Structures are given as structure tokens and as C-alpha cells.
Amino acid sequence: MCRINNFIPILTLLMHISSNEAGRRTCGGTYTAARGILATPNFPGPFDVPIRCQWVIDSSSAAYGSGNTSIIVYFTQLFTFEGLTFTEYQLYGNDYKINPKLIHKVNETNVFRIRWVQSYQSYLVIELKMQSSESAHIRVLDKFLDTYGFNITYEITTGGVRSPSCTMMDCGFTGICFDHYTKFSCKCFDGYSGPSCSEGPKSFCYTNGTPTCKNGGTCLHVGVAAVKCHCSKLFTGNTCETLLEPASAKGKVLLCILGSNRAK
């Protein structure tokens, strides 16, 4: 566990253990292994700008077979919201680039929403092109203000997308998303626990033992100082306190339930 008021342990948690430490200090490269880590230089610290890096994932090797082989990139630790693109190619080399297709572009709207991208072409090129460091980190609340770039994972597989995957948002920004290649998990900061790091003595999801989100709503932290309620289909509001259905309709539903119970 790491302490929220100590930045150094957070940096340690963010850094995946990798057999290719040189890959962390360089910008881009070509990857042919079945799985690996793609990270910006000096992650989770800042990097020099302007910057232009390309990571090429090559699944053309005969070892992977053909047909349903795909490249999947999981956005486990993504803090960049601009200048990051994913383009697939049928063939890719220094002298030729055949059938390019942009399949994803990270922006402020989707940086929290998209968990992964998948390509069935032989090459996936990930490009980071940035003129300033303003969009190199999402400046989300609290202890991630000094976290820049990304530390994401990929795999070349004949299987499907592994689920459930996670992003930093799924860990409430009170924990860190890790890909163990067999499963995903959130490693929570001190004082937080649970699958999404939204439980524990420091969580605002409960007040004196009472859930903050009412009527079956799901509570998720957004940093250490705020929570968000995900409501069921029948309720809305900041804490899921408002019924969407008319009161008369609710009464009919309750009567039906009571009638069914009496019939039994």
C-alpha cells in the first residue's frame, strides 16, 4: 500500500516491473512479443516537449498464425488526453504503409470512457505527438497532479478482449489499475479498499454506515475528495434520490408485488 500524502510510493506503484527497462527511457520502438508494456519516457514523471514517438506493434510473425489474431491495447494507466492516436495497417515498413485506418484518437471526452482498442490488422501504430505538456497529464484531483503520459499494456492474441478490464477511473483515482496479464485489479491507497477502491475508512461512499448513493445506486470515488453515484434506471439525482417513474406507477408496482406475495 502507499500513503496518499507521500508521492514517492505512488510513483513506485505506477511503475510496472518490466524486463525491458531500456524501453521505459526511450521513445517508441517496434514490439513483436506476445505482450508488453508501452510507456512514455520517464513515466510517471514529465517528459521533454515537443515530442513525437511511435510504438509499432507487429503481429505479422507466423508464430501468431492467421485468421482471428488481433492486437489489443488496454488503457490501464492513461493520463494523456490529447495527441495520442492508434492507426492500423495491413503492411507497415520504412518504404511502404498499406491501408492505414485511424481506429482511435484519445481526447478529453473518451479518456475516461474507453478501456481498450482492438485491431485485426497485422500492424498497429501508436503515435504520441505533442507540442506542450499541458495535455500530457489529466490533472485529476489530488495526488496525480504530477503524473504524466501513460503506462499501458498490449497483447497479441487469438482470444478475445479480457474482461473485466480497468482504467484509473474504474479505480476511483484512489487506487491504481494494474494488468497482470491474467486479470486486472485495482491496488488501493491506504484507507481505501474494495474492487474499485471506494470502500474503507477514508471513503465518502458511506456516512455513519449509511450508503451515500440511495436506492441501490453504485458509489465510485473520483479522487479522494469526491464521489459519483451511478443510478439504476428508475432513479436519478446526485445521490439517486429522485424517482423517474410517476408516483402512481410506483404505487402500482408495489401493489403488484404485494399481491404476488399474498397469493403465495
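Residues numbered from 1 in each chain as written. Predicted model: local features only at pLDDT ≥ 70, side-chain atom pairs only at ≥ 80, totals over all residues. Heavy atoms only, no water.

### What about the pattern of salt bridges?
Throughout the structure, instances matching the rule amount to four salt bridges. In this structure, Arg162 and Glu155 form a salt bridge, with 3.0 Å as the shortest nitrogen-oxygen distance. Among the residues examined, Arg162 registers a relative accessible area of 16% and is labelled buried. In this structure, Asp179 engages Arg162 in a salt bridge whose closest nitrogen and oxygen atoms are separated by 3.0 Å. Taken as a pair, Asp179 in strand S12 (residues 175-179) and Arg162 in the loop between strand S11 (150-157) and S12 lie far apart in primary sequence, 17 residues in all. Among the ionic contacts, a cluster of salt bridges with common partners joins Glu155, Arg162 and Asp179. (Salt bridge = Lys/Arg side-chain N within 4 Å of Asp/Glu carboxyl O. Buried < 20%, exposed > 50% of the residue type's maximum accessible area, 1.4 Å probe, protein only. Helix = DSSP H or I, 4+ residues; strand = E, 2+ residues; numbered from the N terminus.)

### Here we look at the UniProt feature "domain: EGF-like" (unreviewed entry) in the protein
Per the UniProt record, "domain: EGF-like" (unreviewed entry) is found at residues 162-198 and 201-241. Helix makes up 0% of residues 162-198 and strand 27%, whereas the separation of the span's terminal C-alpha atoms amounts to 23 Å. (UniProt positions renumbered as here; feature names shortened; annotations may be inferred.)

### Things to note about the state of the cysteines
Under the counting rule described, the total for this entry stands at seven disulfides. In this model, Cys171 is linked to Cys186 through a disulfide, with the two sulfur atoms separated by 2.0 Å. Across the S-S bond of Cys171 and Cys186 the torsion is about -80 degrees, and the bridge reads as left-handed. Here Cys186 lies in strand S13 (residues 184-188) and Cys171 lies in the loop between S11 and S12, a separation of 15 residues in the sequence. Across the disulfide, Cys188 is cross-linked to Cys197 (sulfur-sulfur distance 2.1 Å). Judged by the torsion about the S-S bond (-90 degrees), the Cys188/Cys197 disulfide is left-handed. Take Cys197: its relative accessible area is 0%, and that puts it in the buried class. (Disulfide = S-S within 2.5 Å.)

### Comments concerning the pairing of strand S4 (residues 70-78)
Among the nine residues that make up S4, nine are buried, leaving the element largely enclosed by the rest of the structure. When S4 meets S11, the two strands line up antiparallel, connected through seven bridges. By the bridge assignment for S11, Tyr74 is matched with Thr153. Bridge count for S4 against strand S9 (residues 116-119) is four bridges, and the pairing is antiparallel. Within S9, the residue paired with Ile71 across the bridge is Ser119. (Pairing = 2+ DSSP bridges.)

### Considering the sheet that holds strand S3 (residues 51-58)
With respect to topology, five strands assemble into an open sheet ordered S1-S3-S10-S5-S8, the strand pairing being mixed. Of all strands in the sheet, those bounded by a partner on one side alone are strand S1 (29-31) and strand S8 (101-105). The sheet shows a mean angle of 20 degrees between the axes of neighbouring strands, taken without regard to direction. Summarising the sheet, S3 and strand S10 (residues 123-130) pair through eight bridges and their orientation is antiparallel. Note on S10: the bridge partner recorded for Trp55 is Ile126. (Axes fitted to C-alpha atoms, helices over the stretch in contact; angles between N-to-C directions.)

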